Amino acid sequence: MRVIDHHIVGSGGAGSGRTSEVFDPNTGKVQATVTLGTQADLDRAITAAQAAQPAWAATNPQRRARVMFAFKALVEANMDELAHLLSSEHGKVIADAKGDIQRGLEVIEFCCGIPHVLKGEYTQGAGPGIDVYSMRQPLGIGAGITPFNFPAMIPLWMSGVAIATGNAFILKPSERDPSVPVRLAELFREAGLPEGILQVVQGDKEMVDAILDHPAISAVSFVGSSDIAHYVYRRGVAAGKRVQAMGGAKNHGIVMPDADLDQVVADLSGAAFGSAGERCMALPVVVPVGEKTAVALREKLIPAIAALRVGVSTDAEAHYGPVVNAAHRQRVENWIQTGVDEGAELVVDGRGFTLQGHEEGFFIGPSLFDHVTPEMSAYKEEIFGPVLQIVRAPDFETAVRLPSDHQYGNGVAIFTRNGHAAREFAARVNVGMVGINVPIPVPVAYHTFGGWKRSAFGDTNQHGMEGVKFWTKVKTVTQRWPDGSSDLPRGSKDGGPSRIQDAFVIPTMG
């Protein structure tokens, strides 16, 4: 059976002997095992990173950017291989797998311009003969802890910016689908990245804690559930690290009475059910404003959901594939039962779905709830599966309040033809990312990604300039050059200033 190991300089230590099973979600069968690393494995990676990072930091940004250009070309050349490898462990269909990789590559494209964004600030004449300038310098060694649902995109979000800014980077991917991160690290080496700058350590909570506690790691980026994000944030900060920890979500889609319902339903079909709902930017809650809107939307949603095709990840006609493993399928089905028990109307029940010839696969059909209320735990918590909930709102004010009051604040969307309503909603809603007639408002790579409330812990977001700020520290230099004249100031015998105006004066004192 295939064994998925670390990508560490000099890999091949004794290890812990512990492994975890990697399933094929389409068949339900174990296809590989992944090594679960130890503190000793992390120490080996740290030693290699410490040896390599100073020279990489001293490499000029343009040369670092060339590695990014070469890496991008290699990923594009190997797109089919990477997408099939990704879908075989995660379960998302090939089109979604390619999208996963492409969204990560967009951050790499941003990193190709790293020489420009690393330019500092400069002030000439801040005081008498005094100039002030700043420079951005790498932190040293950073680490990323990434989730199962985007095994290419999120590692690239983190590692691309960290490496381009001159850091060494250690990645701990999910043990559920660990192969693609290793393959990406191999392609980085092929692109010219020095050995030791990007390494992959496999593991579970033991490795996470080792990363959070290691004094040589200066910053940690995390994406996962909110409870674990909070844990990562607290433990990492207590160890003196910079930490950005992105958590869960419960994104809402507000449907105004003037919205194009056919377009809304088409958008919801992908946003709520695509990738089996295993996305922190999925749209699992739809909020029709007004009873007439709610009735019309429900009537259109039911046949659209019935038309969704659930299939194996290699089925080009499938809208989505299986969830990642049996435990996650059971978790989603338990939440559906909770919704029923709490009094919501289960309009479409996706439980018990099987696919002929793949009866042991981790499939679950699409589900639709109506008359969901904010008091229900099935509304309050993230289900992370192909489940759409209708929460009816009598008016615009209620529609603004629902996502604003929710514990999560990752993304939200409004569907309307009314520019004033859209502008008002975007300004007032208490959520970090807003879409206007855009169902999944993930910002482009040169902007930044990050939610509010329990969706994110820490002050700095992912990628874009926020990412550059997170992975660098600012040094500010105040300089003054004497004129070099051989003539001493009048009245001086030792070369020192003889008059108060010859002495250094802090610019703010002038």
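Just so you know, these numbers come straight off a predicted model, no measurement behind them. (Residues numbered from 1 in each chain as written. Predicted model: local features only at pLDDT ≥ 70, side-chain atom pairs only at ≥ 80, totals over all residues. Heavy atoms only, no water.)

Q: Tell me about the overall build of the protein chain, residues and numbers included.
A: Along the protein chain, the regular secondary structure elements total 16 helices and 21 strands. Computed over C-alpha atoms, the radius of gyration of the protein chain comes to 26 Å, within 12% of the 24 Å expected from 2.2 N^0.38 for 510 residues, which places it in the range of a compact globule. Principal-axis analysis of the C-alpha atoms places the extent of the protein chain at approximately 95 × 60 × 40 Å. A burial count over the protein chain gives 55% of its 510 residues as buried. (Helix = DSSP H or I, 4+ residues; strand = E, 2+ residues; numbered from the N terminus. Rg over C-alpha atoms; globule rule 2.2 N^0.38 Å. Buried < 20%, exposed > 50% of the residue type's maximum accessible area, 1.4 Å probe, protein only.)

Q: Can you tell me about the sheet that holds strand β5 (residues 130-138), naming the residues and giving the values?
A: Sheet strands pair by backbone hydrogen bonding; their relative direction is either parallel or antiparallel. Strands sit in the order β4-β5-β21 across an open sheet of three strands; the sheet is antiparallel. In this open sheet, the two strands that pair with only one neighbour each are β4 (122-127) and β21 (472-480). The average angle at which neighbouring strand axes cross in this sheet is 30°, direction not considered. As paired strands, β4 and β5 are joined by three bridges and run antiparallel to one another. Bridging from a neighbouring strand, Gly127 pairs with Ile130 of β5. (Pairing = 2+ DSSP bridges. Axes fitted to C-alpha atoms, helices over the stretch in contact; angles between N-to-C directions.)

Q: Can you explain the pattern of salt bridges? Please cite residues and give values.
A: Should their charged atoms come close, side chains of opposite charge can pair. All chains considered together, the criterion is met by 25 salt bridges. Taken together, the shared-partner salt bridges in this structure form one network comprising Glu291, Arg298, Glu345, Asp370 and Arg392. (Salt bridge = Lys/Arg side-chain N within 4 Å of Asp/Glu carboxyl O.)

Q: Requested: an account of the pairing of strand β15 (residues 387-390), with residues and values cited.
A: The alternating pattern of β15 places Val387 and Gln389 and Leu388 and Ile390 on opposite faces, both of which are buried. Note: strand β14 (residues 367-370) against β15, three bridges, orientation parallel. Its bridge partner lying in β15, Ser367 is registered against Val387.

Q: Give a description of the packing of aromatic side chains that names residues and reports values.
A: Each aromatic ring pair is specified by the distance between its two centres and by the angle formed by the two planes. In the structure shown here, the tally under the stated rule is eight aromatic pairs. Ring geometry for Phe23 versus Phe362: centroids 5.8 Å apart, planes at 75°, classification edge-to-face. Of the two residues, Phe23 sits in strand β2 (residues 19-24) while Phe362 sits in the loop between β13 (345-348) and β14, which places them 339 residues apart along the sequence. Classification of Phe23 by relative accessible area gives partly exposed; the value is 25%. Here the aromatic rings of Phe148 and Phe384 are separated by 6.0 Å at their centres, their planes lie at 85°, and the arrangement is edge-to-face. Of this pair, Phe148 sits in the loop between β6 (141-145) and α6 (153-164) while Phe384 sits in the loop between α13 (377-380) and β15, and the two are 236 residues apart along the sequence. Across the pair, exposure class does not vary: Phe148 and Phe384 are buried alike. (Phe/Tyr/Trp six-rings, centres within 6.5 Å; stacked < 30°, edge-to-face > 60°.)

Q: Tell me what's going on with helix α4 (residues 94-111), and back it up with residues and numbers.
A: An ideal rise of 1.5 Å per residue puts 26 Å on 18 residues; α4 measures up with 26 Å between its terminal C-alpha atoms. By the burial criterion, the buried members of α4 are Ile94, Ala97, Asp100, Ile101, Gly104, Leu105, Val107, Ile108, Phe110 and Cys111. (Expected span 1.5 Å × (residues − 1).)

Q: Quick rundown of the nonpolar core? Include the residues and the values.
A: Within the largest apolar cluster, 87 residues are counted, with the highest numbers of intra-cluster contacts made by Phe71, Phe188 and Ile211. The greatest single-element share of this core, amounting to nine residues, is contributed by α6. Beyond its immediate stretch of four places on either side in the chain, Phe188 contacts Val67, Met68, Phe71, Ile108, Leu156, Ser159, Leu193 and Leu198. Of all hydrophobic cores here, the second largest spans 57 residues; its members include Ala259, Leu301, Val387 and Val429. (Core = buried A, V, L, I, M, F, W, Y, C linked by side-chain atoms within 4.5 Å. Contact = heavy atoms within 4.5 Å.)

Q: Break down α6 for me, citing the residues and quoting the values.
A: Counted at 1.5 Å a residue, the expected span for α6 with its 12 residues is 16 Å, and the 16 Å between its end C-alpha atoms agrees. The buried count for α6 comes to 12 of 12 residues, which makes it a mostly enclosed element. Among all positions of α6, only Met153, Ile154, Pro155, Leu156, Trp157, Met158, Ser159, Gly160, Val161, Ala162, Ile163 and Ala164 are buried.

Q: Break down the environment of Arg176 for me, citing the residues and quoting the values.
A: Along the chain, Arg176 falls in the loop between β7 (168-172) and α7 (179-190). Taking the C-alpha atoms as reference, Arg176 lies 8.7 Å from Pro147; in sequence the two are 29 residues apart.

Q: Tell me about the state of the cysteines, and name the residues and values.
A: By definition, a disulfide is the covalent link that joins the sulfur atoms of two cysteine residues. In total, this model carries zero disulfides according to the counting rule given. Sulfur of Cys111: no disulfide; nearest cysteine sulfur belongs to Cys112 and is 7.3 Å away. Judged by relative accessible area, Cys111 falls into the buried class, the value being 0%. For the unlinked cysteine Cys280, the closest cysteine sulfur is that of Cys111, found at 19 Å. Judged by its relative accessible area of 15%, Cys280 falls in the buried class. (Disulfide = S-S within 2.5 Å.)

Q: Before we move on, could you go through the packing of helix α3 (residues 79-90) against α7 and cite the residues and values that matter?
A: Closest axis-to-axis distance for the α3/α7 pair is 9 Å, and the angle between their directions is 155°. Regarding the angle of α3 to α7, the classification is roughly antiparallel. Residue-level inspection shows Glu81, Leu82, Leu85, Leu86 and Glu89 of α3 in contact with α7, the latter providing Ser179, Val180, Arg183, Leu184 and Leu187. (Parallel < 35°, antiparallel > 145°, perpendicular 65-115°, else oblique.)

Q: Run through the packing of helix α10 (residues 261-273) against helix α11 (residues 291-306), naming residues and quoting values.
A: Running from amino to carboxyl end, α10 crosses α11 at an angle of 50°, the nearest separation of the two axes being 10 Å. Considering their axes alone, α10 and α11 lie oblique with respect to each other. Relative to α11, α10 is oriented so that their crossing is right-handed. Contacts between α10 and α11 involve Leu261, Asp262, Val264, Val265, Leu268, Ser269 and Phe273 on the former and, on the latter, Ala296, Leu297, Lys300, Leu301, Ala304 and Ile305. The residue makeup of the contact of α10 with α11, split by class, is 10 nonpolar, one polar and two charged. (Left-handed = near helix turned anticlockwise from the far one by under 90°. Nonpolar A, V, L, I, M, F, W, Y, C, P; charged D, E, K, R; others polar.)

Q: Before we move on, could you go through the sheet that holds strand β1 (residues 2-4) and cite the residues and values that matter?
A: The three strands are arranged β1-β3-β2 in an open sheet whose pairing can be described as mixed. Each edge of the sheet is formed by a strand with only one pairing partner; in this case those strands are β1 and β2. Within the sheet, the average angular offset between the axes of one strand and its neighbour, ignoring direction, is 35°. The sheet contact formed by β1 and strand β3 (residues 29-35) spans three bridges and is parallel. Bridge assignment links Val3 to a residue of β3, and that residue is Thr33. Each of β1, β2 and β3 touches α3; the most contacted strand, β2, lies at about 105° to it.

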